[in-house]
Amino acid sequence: MAKPIGIFDSGVGGTSIWKEVVKMLPKENTIYLADSINAPYGEKTKEEILRLSIKNTELLLNKGCKIIIVACNTATTNAINYLRNHYNVPFIGIEPAIKPAALQTKTNKIGVLATKGTLSSSLFHNTSKLFAEGITVVEQEGTGLVELIESGQLYSEEVKRLLTSFLEPMLELNIDCLVLGCTHYPYLMPVIKEILPNDVTIIDSGEAVACQTKTVLGRNKLLSNSIDRAEHVFYTNASVKVLKDLIDWPTAQVSKLDF
Ligand code: DGL
């Protein structure tokens, strides 16, 4: 097997990034780790998030990955600097897309829905300061959403109730862009769209991450030129069914692993 792209998340949410990666890089093999047993990372301390990110990275490196995508805003904002300084492969991270939102807003008010761990990180604060000068950034913790997605409840009444309680106050503050700052949240898009009026733009960074991955692989001469069909291997330390249902990819190998 040609060296794979390694991807990890606190659970199943990073598969929203994996889908964009596979679309943009169809020849690449991938290995995905869903650390669902430890979800949500967003409620943990920076030290715990770092420890878990190191554990996931080392497992992916032991499996021969040539690049690692940290498909989790919470792990990126708390751990990517450490990972980049300590391991000898390129790392791609994901952060709430403040910059594109700041460029698009007409009301000068943008909303960011993310985990507590992301919103409290210094990387998030620095990015906001850098790209959203003069713009009001309305921050909202998405408490409870990751747990519902991890248990396979994407369209439940509870999801609708929570999202309504998070998004309505943002609308009252006149946001016209909503940044999805957690890789789990794109799976809630149908419910989010039901709540938000059409003139609020929803921004997520999945495609940008895939694009950046392609650029970095190219720059490091790591792009695959294999003619075999790409292999996609998934490991979860919790429910195989929830992960399988979300990725919806018949040839993917999904199995349980204790890590
Ligand atoms: N997908 C993770 C993120 O992007 C979820 C965080 C969590 O586990 O709380 O932040």
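The structure this text deals with has already been given above.
These figures come from a predicted structure and were not determined experimentally. (Residues numbered from 1 in each chain as written. Predicted model: local features only at pLDDT ≥ 70, side-chain atom pairs only at ≥ 80, totals over all residues. Heavy atoms only, no water.)

K.L.:
Now, about the pattern of salt bridges: what can you tell me, with residues and values included?
P.N.:
Using the criterion set out here, one finds six salt bridges in the structure. In this structure, Lys 66 engages Glu 28 in a salt bridge whose closest nitrogen and oxygen atoms are separated by 2.7 Å. With Lys 66 in the loop between helix H2 (46-62) and strand S3 (67-70) and Glu 28 in the loop between helix H1 (15-24) and strand S2 (30-34), this pair connects stretches of sequence that are 38 residues apart. You'll find Lys 66 and Glu 28 in the same group, each marked buried. Note that Asp 35 is salt-bridged to Lys 55, the shortest N-O span being 3.1 Å. Residue Asp 35 is located in the loop between S2 and H2, and its partner Lys 55 is located in helix H2; the two are separated by 20 residues in the primary sequence. (Salt bridge = Lys/Arg side-chain N within 4 Å of Asp/Glu carboxyl O. Helix = DSSP H or I, 4+ residues; strand = E, 2+ residues; numbered from the N terminus. Buried < 20%, exposed > 50% of the residue type's maximum accessible area, 1.4 Å probe, protein only.)

K.L.:
Account for the packing of H2 against helix H3 (residues 73-86), with residues named and values stated.
P.N.:
Orientation of H2 relative to H3, taken along the N-to-C sense of each, is 65°, at an axis distance of 9 Å. In terms of orientation, H2 lies roughly perpendicular with respect to H3. Between H2 and H3 lies a crossing whose hand is right-handed. Contacts between H2 and H3 involve Lys 46, Ile 49, Leu 50, Ser 53, Ile 54 and Thr 57 on the former and, on the latter, Thr 74, Ala 75, Asn 78, Ala 79, Tyr 82 and Leu 83. Residue classes in the contact of H2 with H3 are distributed as seven nonpolar, four polar and one charged. (Axes fitted to C-alpha atoms, helices over the stretch in contact; angles between N-to-C directions. Parallel < 35°, antiparallel > 145°, perpendicular 65-115°, else oblique. Left-handed = near helix turned anticlockwise from the far one by under 90°. Contact = heavy atoms within 4.5 Å. Nonpolar A, V, L, I, M, F, W, Y, C, P; charged D, E, K, R; others polar.)

K.L.:
Any chance you could break down the sheet that holds strand S5 (residues 109-114) for me, citing the residues and the numbers?
P.N.:
Within a sheet, neighbouring strands are paired by backbone hydrogen bonds and run either parallel or antiparallel to one another. Strand order across the open sheet formed by four strands is S6-S5-S7-S8, with parallel pairing between neighbours. Sheet topology places strand S6 (136-141) and strand S8 (201-203) at the edges, where each strand pairs with a single neighbour. Neighbouring strand axes in the sheet, compared pairwise and without regard to direction, differ in orientation by 20° on average. Two strands pair when backbone bridges link them, and S5 and S6 are joined in this way by six bridges, in the parallel orientation. Pairing of Ala 114 across the sheet is with Glu 141, part of S6. Contacts between helix H8 (residues 157-172) and the sheet are confined to S5, S6 and strand S7 (177-181), with S5 contributing the most and set at about 160° to the helix. (Pairing = 2+ DSSP bridges.)

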